[in-house]
Number of protein chains: 2
Amino acid sequence: MADVIEKTEMELEYEALLARLREGEMDAFREAFFDLHTYEQSEFYLELEEEDRQKMYHFLSPEEVAEFFDSLELEPEEYDALFEEMDARYAASMLGAMQYDNAVDILNEVTKEKLTSFLTLMDRADAQEIRKLMNYEEDTAGGIMTTEFVSVTSLMTVREAMRHLKQMALDSETIYYVFVVDPDRKLAGILSLRELIIADDDAYIGDIMVERVVSARVSDDQEEVAQIMRDYDFLAMPVVDYQDHLVGIITADDIMDVMAEEAHEDYSRLAGMSEIEPASDSSFSTAKKRLPWLIGLTFMGMITAAMLTTFEDTLAQVAVLGAFIPIIGGMAGNSGTQSLAVAVRGIATGEIKDTSKIKLALREMGSGLITGLVCGLIIFGIITLLYDSSILGIIVGVSLLIAMTLATLLGTLIPLLMSRLNIDPAVASGPFITTANDIISLLVYFSLANAFMSYLL
Amino acid sequence: MADVIEKTEMELEYEALLARLREGEMDAFREAFFDLHTYEQSEFYLELEEEDRQKMYHFLSPEEVAEFFDSLELEPEEYDALFEEMDARYAASMLGAMQYDNAVDILNEVTKEKLTSFLTLMDRADAQEIRKLMNYEEDTAGGIMTTEFVSVTSLMTVREAMRHLKQMALDSETIYYVFVVDPDRKLAGILSLRELIIADDDAYIGDIMVERVVSARVSDDQEEVAQIMRDYDFLAMPVVDYQDHLVGIITADDIMDVMAEEAHEDYSRLAGMSEIEPASDSSFSTAKKRLPWLIGLTFMGMITAAMLTTFEDTLAQVAVLGAFIPIIGGMAGNSGTQSLAVAVRGIATGEIKDTSKIKLALREMGSGLITGLVCGLIIFGIITLLYDSSILGIIVGVSLLIAMTLATLLGTLIPLLMSRLNIDPAVASGPFITTANDIISLLVYFSLANAFMSYLL
């Protein structure tokens with residue numbers, strides 16, 4: 001019968017498993033534990049107290065722990081804590097048995113001393129592979145690829161290739177693509193397992209392989225690679241070095257992680273945060289993470305206040321002008337955030353290339369003009385009606401038009417400029433653009449009000 | 001030799017291909033066209049003028065066009081335009097030859113008349129499958145699954161299963177998982193092709209299959225399914241109906257699209273937009289999409305203005321109060337957006353369950369208090385120093401503390417409340433929360449200022 005897993009069933013299972021662990025029933029524990037999917041194993045492991053985890057290290061080999069360590073996604077501190085409680089030799093063997101790309105992700109975060117110790121204690125061949133991968137930048141194709149793939153030569157027959165595949169099946173991250181290399185280790189072609197299965201057993205790989213391969217260079221940005229794999233619906237993509245040697249592959253599950261990570265990052269920045277804190281964080285640690293942003297914004301806000309203070313006399317003469325400060329600053333902020341969002345995502349997905357940058361800026365300015373005109377007219381109408389002063393209506397309405405146009409343009413230009421300077425445009429976070437737009441829009445507003453002061457009094 | 005594709009090479013290839021199309025060299029065109037990956041075929045197709053596309057419909061069969069139509073991701077209007085120029089019978093055959101889940105995605109967007117006509121003209125078996133899939137809500141597991149999968153029974157041997165797989169390989173969206181059903185069509189187990197390949201040819205499927213299957217129900221939300229597939233690193237996941245019958249599968253490429261779509265949606269809403277408009281949109285169409293949001297925000301801004309107008313006398317007496325309107329409103333907006341982002345993403349990823357909602361609200365309020373206290377103290381210090389008035393410093397500082405605490409709490413409570421009411425919390429977009437926080441924070445500020453007016457004068 002199909003065992004459709006419900007959340008509550010799972011909790012019961014975890015409890016039973018924990019009881020076996022605590023009572024020291026090693027065989028029963030192992031049997032039930034290996035029935036779990038590695039993701040479930042990792043969930044179980046993370047819920048344990050340290051002393052229970054210590055028991056697990058006695059019940060399971062480093063290789064068995066490595067299986068579910070591959071699916072963990074923890075913060076650096078959390079890995080540190082786990083390695084603190086593991087025997088160093090055990091931890092090293094475990095890391096060596098992990099998929100190399102995942103081990104590298106973890107080792108990139110530990111202290112230099114720990115890294116050296118782990119690499120020394122590890123099996124030499126594993127350490128060598130891991131050292132090789134650690135040379136690549138974390139967010140490049142080289143940084144997320146794995147070296148555990150199946151490669152064949154074009155002179156093999158389908159039968160020979162299938163036999164080779166069977167042997168390699170356990171040690172490869174995916175067997176659903178077979179990569180064909182020439183004697184020089186250069187990438188010559190690709191075959192999906194689907195094509196291999198349909199093919200005649202006696203056919204030569206060289207005759208049936210697809211020679212037209214889309215590959216990534218080790219230095220390619222992970223976000224670009226993700227975009228290509230998504231466009232092409234690839235389950236795996238080969239990575240080549242600068243001499244076109246096949247050095248690794250990137251698999252779909254890595255790409256899903258990259259996509260989640262990049263979307264998360266852009267989203268956080270738009271909200272003015274370094275990261276979306278986990279719901280389990282304390283108030284104190286949440287506040288600590290948000291404060292750098294908020295303190296920066298406080299100082300920027302003080303610049304706005306200082307600028308407005310120079311208009312103190314204007315405000316004293318016509319106090320009602322103060323009532324429209326939030327709407328002018330706010331609408332400029334809203335328009336600016338919209339065009340910022342378009343530019344940041346457009347750059348991230350590669351939709352915006354160098355040639356279309358000017359076109360985009362013009363498009364946004366046009367859109368700012370149209371929306372500013374509409375909103376300006378609405379506000380002019382309302383103010384003329386409610387405040388019985390068409391000159392106040394004109395001043396606020398025109399300020400809104402200018403503010404929204406400038407804000408829209410700025411919201412595009414700043415990220416485009418940053419990307420030109422090779423700064424991640426997502427750093428131009430929403431709140432900073434909004435505060436910059438506050439200053440500009442209110443300067444326009446009060447300058448206009450000053451100019452028409454005689455009509456307002 | 002490996003043919004590593006560069007963008008510029010590609011453009012040259014497209015041009016050569018276009019020349020063959022225009023000169024009517026059908027065989028040469030077909031040969032070169034089928035050398036392209038389906039994604040590249042679709043890129044080429046979309047760049048054409050209508051008359052060139054008409055030629056393509058003569059050179060390619062509906063089934064051949066369906067191959068690359070599967071990888072298109074267009075707006076409803078764009079599909080409409082393409083179907084307008086296609087012969088209805090050709091379009092119907094083409095849709096029937098597409099992967100069913102993709103055909104359904106397109107057919108969900110066309111007019112009722114077109115839908116009826118296509119389903120009538122289509123091969124009856126295809127139409128039936130598509131009608132079945134169209135019964136499911138678009139953003140559920142049923143709405144994104146495909147019915148083209150390989151299933152075997154537990155009584156088959158590995159050899160028989162492999163033979164069956166070879167026959168089905170061309171018509172299935174993935175062959176990398178084989179789903180095992182009992183005579184009742186109920187899901188009984190699962191086997192990866194990797195396990196099948198390693199297994200002994202004479203073994204029975206029932207003996208080697210994994211009985212513990214994680215499956216989705218047809219009505220499950222696509223975002224939850226995406227989360228599970230990402231957690232478990234699945235390449236495909238079975239979908240069952242309410243009687244546990246296997247009715248379809250969801251593949252990793254669908255999940256990547258779902259992830260991109262959901263992240264895109266949350267991001268757009270945070271920026272106060274229905275969608276991030278493509279860079280190719282015109283100013284006019286961009287403005288049209290943004291205006292509903294901006295007009296709504298203009299009216300909300302007028303509420304803030306009306307509220308502030310009631311404090312006109314206060315402003316007239318102490319005009320410098322006006323200088324701090326942007327910082328108080330702005331900081332409340334920033335804090336509120338941060339906690340909104342945490343709540344929206346937490347709900348979307350399922351991290352926030354019912355039980356931890358109160359804990360999250362308290363955590364956020366605590367974080368609001370701490371950050372409000374720090375920023376309030378900073379602003380108190382600066383104002384006391386620059387404006388030589390500690391009473392003004394106290395009023396602005398305390399307002400900031402109260403405003404940031406309330407805004408943080410509100411930023412959490414509103415999305416939590418919406419999710420309780422089964423409204424997508426992402427609708428509580430950043431700008432709306434920010435404007436609501438403007439009103440509350442400025443009310444606090446001016447009430448405080450009024451209360452201490454005698455000290456300010």
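Keep in mind that this is a model prediction, so the values were computed, not measured.

What counts and what doesn't
Residues numbered from 1 in each chain as written. Chains lettered and ligands numbered in written order. Predicted model: local features only at pLDDT ≥ 70, side-chain atom pairs only at ≥ 80, totals over all residues. Heavy atoms only, no water. Helix = DSSP H or I, 4+ residues; strand = E, 2+ residues; numbered from the N terminus. Rg over C-alpha atoms; globule rule 2.2 N^0.38 Å. Buried < 20%, exposed > 50% of the residue type's maximum accessible area, 1.4 Å probe, protein only. Contact = heavy atoms within 4.5 Å. Areas by Shrake-Rupley, 256 points an atom, 1.4 Å probe, with all protein chains shown as cover. Least-squares fit on C-alpha atoms with pLDDT ≥ 70 in both. Pairing = 2+ DSSP bridges. Axes fitted to C-alpha atoms, helices over the stretch in contact; angles between N-to-C directions. UniProt positions renumbered as here; feature names shortened; annotations may be inferred. Salt bridge = Lys/Arg side-chain N within 4 Å of Asp/Glu carboxyl O. Domains from an automatic or database assignment. Parallel < 35°, antiparallel > 145°, perpendicular 65-115°, else oblique. Left-handed = near helix turned anticlockwise from the far one by under 90°. Polar contact = N/O pair within 3.5 Å; in protein donor to acceptor, adjacent residues only side chain to side chain. Phe/Tyr/Trp six-rings, centres within 6.5 Å; stacked < 30°, edge-to-face > 60°. Lys NZ or Arg CZ within 6 Å of the ring centre and 35° of its normal. Patch = residues over 30% accessible without salt bridge, like charges linked within 9 Å, V, L, I, M, F, W, Y side chains within 5 Å. Buried area = accessible area lost by both parts, 1.4 Å probe. Nonpolar A, V, L, I, M, F, W, Y, C, P; charged D, E, K, R; others polar.

K.L.:
Could you give me a rundown of the overall build of chain A, with the residues and numbers involved?
P.N.:
Of the regular secondary structure elements, chain A holds 23 helices and six strands. Its C-alpha radius of gyration of 30 Å places chain A more than 25% over the 23 Å reference for a compact globule of 457 residues. By principal-axis analysis of the C-alpha atoms, chain A measures approximately 90 × 60 × 50 Å. Within chain A, the fraction of its 457 residues that count as buried is 57%. Contacts spanning at least 24 positions in sequence make up 68% of the contacts within chain A whose residues lie at least 6 apart. Counting only carbon and sulfur atoms, one obtains 55% of the accessible surface of chain A, whose full area is about 19400 Å².

K.L.:
Run through the relation of the copies chain B and chain A, naming residues and quoting values.
P.N.:
Each copy superposes on the other: chain B lies on chain A with an RMSD of 0.2 Å after a rotation of 180 degrees and an axial shift of 0.1 Å. The transformation relating the two chain copies, once decomposed into turn and shift, fits a two-fold axis. Looking at the rotation axis and the C-alpha trace of chain B, the residue lying nearest is A316 of chain B, at 2.4 Å. The share of interface residues of chain B whose copies in chain A are also at the interface is 100%, consistent with both copies meeting through the same surface.

K.L.:
Lay out the sheet that holds strand 6 (residues 246-251) of chain B in plain terms, naming residues and giving numbers.
P.N.:
Residues and elements named next belong to chain B. Strand order in the open sheet formed by three strands is 4-5-6, with mixed pairing between adjacent strands. The open sheet has two free edges, formed respectively by strand 4 (216-217) and strand 6, since each of these has just one partner strand. Looking at chain direction, strand 5 (residues 236-240) and strand 6 are connected through five bridges and run antiparallel. Across the sheet, the residue bridging to P238 is I249, located in strand 6. Lying on the sheet, helix 15 (residues 222-232) is in contact with strand 4, strand 5 and strand 6; it crosses strand 5 at an angle near 140 degrees.

K.L.:
Could you give me a rundown of the UniProt feature "domain: CBS" (unreviewed entry) in chain A, with the residues and numbers involved?
P.N.:
Per the UniProt record, "domain: CBS" (unreviewed entry) is annotated on residues 145-208 and 209-267 of chain A. Note that residues 209-267 of chain A is 46% helix and 22% strand, and that its end C-alpha atoms are spaced 41 Å apart.

K.L.:
Outline the UniProt feature "transmembrane region" (unreviewed entry) in chain A, listing residues and values.
P.N.:
Residues and elements named next belong to chain A. The feature "transmembrane region" (unreviewed entry), as given by UniProt, occupies residues 291-311, 323-344, 365-387 and 393-418 in the numbering adopted here. Secondary structure across residues 323-344 comprises 91% helix and 0% strand; the distance between its end C-alpha atoms is 33 Å. Taken end to end, residues 393-418 is 100% helix and 0% strand, and its two terminal C-alpha atoms sit 37 Å from one another.

K.L.:
Describe the sheet that holds strand 1 (residues 151-153) of chain A, listing the residues and the values that go with them.
P.N.:
Strands belonging to one sheet form pairs held by backbone hydrogen bonds; the direction of such a pair is parallel or antiparallel. Residues and elements named next belong to chain A. An order of 1-2-3 is seen for the three strands of this open sheet, with the pairing classed as mixed. Across the chains shown, the open sheet's two edge strands, defined by having one partner strand only, are strand 1 and strand 3 (187-192). For this sheet the average axis-to-axis angle between neighbouring strands, irrespective of direction, equals 35 degrees. Here three bridges tie strand 1 to strand 2 (residues 177-181), and the two strands are oriented parallel to one another. Directly across from T153, in strand 2, lies its bridge partner V181.

K.L.:
Give me the lowdown on the pattern of salt bridges, citing residues and values where you can.
P.N.:
Between side chains of opposite charge, a pair can form when the charged atoms approach closely. Scanning all chains against the criterion turns up 34 salt bridges over all chains. With its nearest N and O atoms 2.8 Å apart, the salt bridge here joins E13 of chain A to R212 of chain B. Note that E13 of chain A is positioned in helix 1 (residues 7-22) and R212 of chain B in the loop between helix 14 (205-208) and strand 4, a pairing that runs across two chains. Taking the relative accessible area as the measure of exposure, E13 of chain A reaches 28% and is therefore partly exposed. Residue class for R212 of chain B comes out buried when judged on its relative accessible area of 16%. Look at the salt bridges and you will find they share partners, linking E277 and R290 of chain A together with R363 and E364 of chain B into a network.

K.L.:
Run through the domain arrangement of chain A, naming residues and quoting values.
P.N.:
On domain assignment, one finds that chain A holds domain 1 (7-139), domain 2 (151-263) and domain 3 (283-456). A separation of 49 Å is found between the C-alpha centroids of domain 2 of chain A and domain 3 of chain A.

K.L.:
Tell me about the packing of helix 8 (residues 100-107) of chain B against helix 10 (residues 124-134) of chain B, and please be specific about residues and values.
P.N.:
Residues and elements named next belong to chain B. Close contact between helix 8 and helix 10 brings their axes to 9 Å; oriented N to C, the two are set at 65 degrees. Here helix 8 lies roughly perpendicular to helix 10, going by the angle between them. Handedness of the helix 8/helix 10 crossing: right-handed. Between helix 8, through Y100, D101, A103, V104 and L107, and helix 10, the contact on the second element is made entirely by D126, E129, I130, L133 and M134.

K.L.:
Please provide a residue-by-residue account of the environment of H264 of chain A, values included.
P.N.:
Residue and element names in this part refer to chain A. Position of H264 relative to the elements: it lies in helix 16 (residues 252-270). The class of H264 is partly exposed, set by a relative accessible area of 31%. As for H264 and S274, which are separated by ten residues in sequence, their C-alpha atoms are 10.0 Å apart.

K.L.:
Kindly report on the pairing of strand 3 (residues 187-192) of chain B, identifying the contributing residues and their values.
P.N.:
All names here are of chain B. The element strand 3 is extensively covered by neighbouring structure, given that six of its six residues are classed as buried. Judged from the five bridges that link them, strand 2 (residues 177-181) and strand 3 form a sheet pairing that is antiparallel. Looking across to strand 3, one finds that V178 is bridged to L191. Where strand 2 folds back on strand 3, the antiparallel hairpin that results is connected by five residues, among which R185 adopts a positive phi of roughly 65 degrees.

K.L.:
Explain the environment of E40 of chain A to me, and be specific about the residues and the numbers.
P.N.:
Note that E40 of chain A resides in helix 3 (residues 38-47). When its relative accessible area of 1% is taken as the criterion, E40 of chain A is described as buried. Between the C-alpha atom of E40 of chain A and that of M10 of chain A, which follows or precedes it by 30 residues, the distance is 8.8 Å. The contact partners of E40 of chain A, leaving out residues within four places of it in the chain, are M10 and Y14 of chain A together with R212, V214 and Y232 of chain B. A polar contact of 2.5 Å, which involves the side chain of E40 of chain A, links it to the side chain of Y232 of chain B.

K.L.:
Before we move on, can you summarise the packing of aromatic side chains with the specific residues and values?
P.N.:
Residues and elements named next belong to chain A. This structure, assessed with the given rule, holds 49 aromatic pairs over all chains. Between Y57 and Y90 the ring centres are 5.5 Å apart and the planes differ by 55 degrees, which places this aromatic pair in the tilted class. One end of the pair, Y57, is in helix 4 (residues 50-59); the other, Y90, is in helix 7 (residues 88-97), and 33 residues separate them in sequence. The buried category is assigned to Y90, whose relative accessible area is 13%. Seen from the ring of Y45, R53 lies directly overhead, with NZ or CZ sitting 5.8 Å from the centre.

K.L.:
Residues and numbers for the side chain of S268 of chain A, please.
P.N.:
All names here are of chain A. With respect to the element layout, S268 can be found in helix 16. Residue class for S268 comes out buried when judged on its relative accessible area of 0%. Non-local contacts of S268, meaning those with residues more than four positions away in its chain, are made with M273, S274, E275 and I276.

K.L.:
Outline the environment of L442 of chain A, supporting the account with residue identities and numerical values.
P.N.:
Following the sequence through the fold, L442 of chain A ends up in helix 22 (residues 430-451). A C-alpha to C-alpha distance of 49 Å links L442 of chain A and L72 of chain A, two positions 370 residues apart in sequence. With sequence-adjacent residues up to four places away left out, L442 of chain A is seen in contact with T304, M307, L308, I325, I328 and G329 of chain A together with P326 of chain B.

K.L.:
Would you mind going over a nonpolar patch on the surface in detail, with residue names and values included?
P.N.:
Residue and element names in this part refer to chain A. Taken together, the side chains of I394, V398, I402, L406 and I440 make up a nonpolar region of the molecular surface, amounting to roughly 340 Å² of accessible area. The dominant element in the nonpolar patch, judged by the number of residues it contributes, is helix 21 (residues 390-420), at four residues. Relative to the assigned elements, I394 resides in helix 21.

K.L.:
For the interface of chain B and chain A, give the residues involved together with the corresponding values.
P.N.:
On the side of chain A, 128 residues touch chain B, which itself brings 128 residues to the contact. Across the chain B to chain A interface the summed buried area is about 11100 Å²; carbon plus sulfur atoms make up 65%. Sorting the residues of chain B by area buried against chain A places R194, R212 and Y267 of chain B first, and these three jointly supply 8% of that buried surface. Counting the contacts that link chain B with chain A gives nine salt bridges. Between R212 of chain A and E40 of chain B there is a salt bridge; the shortest N-O distance is 3.1 Å. It is helix 17 (residues 283-309) of chain B that provides the largest number of residues to the side of chain B that touches chain A, a total of 19 residues. Residues of the side of chain B that touches chain A, tallied by class, amount to 75 nonpolar, 24 polar and 29 charged.

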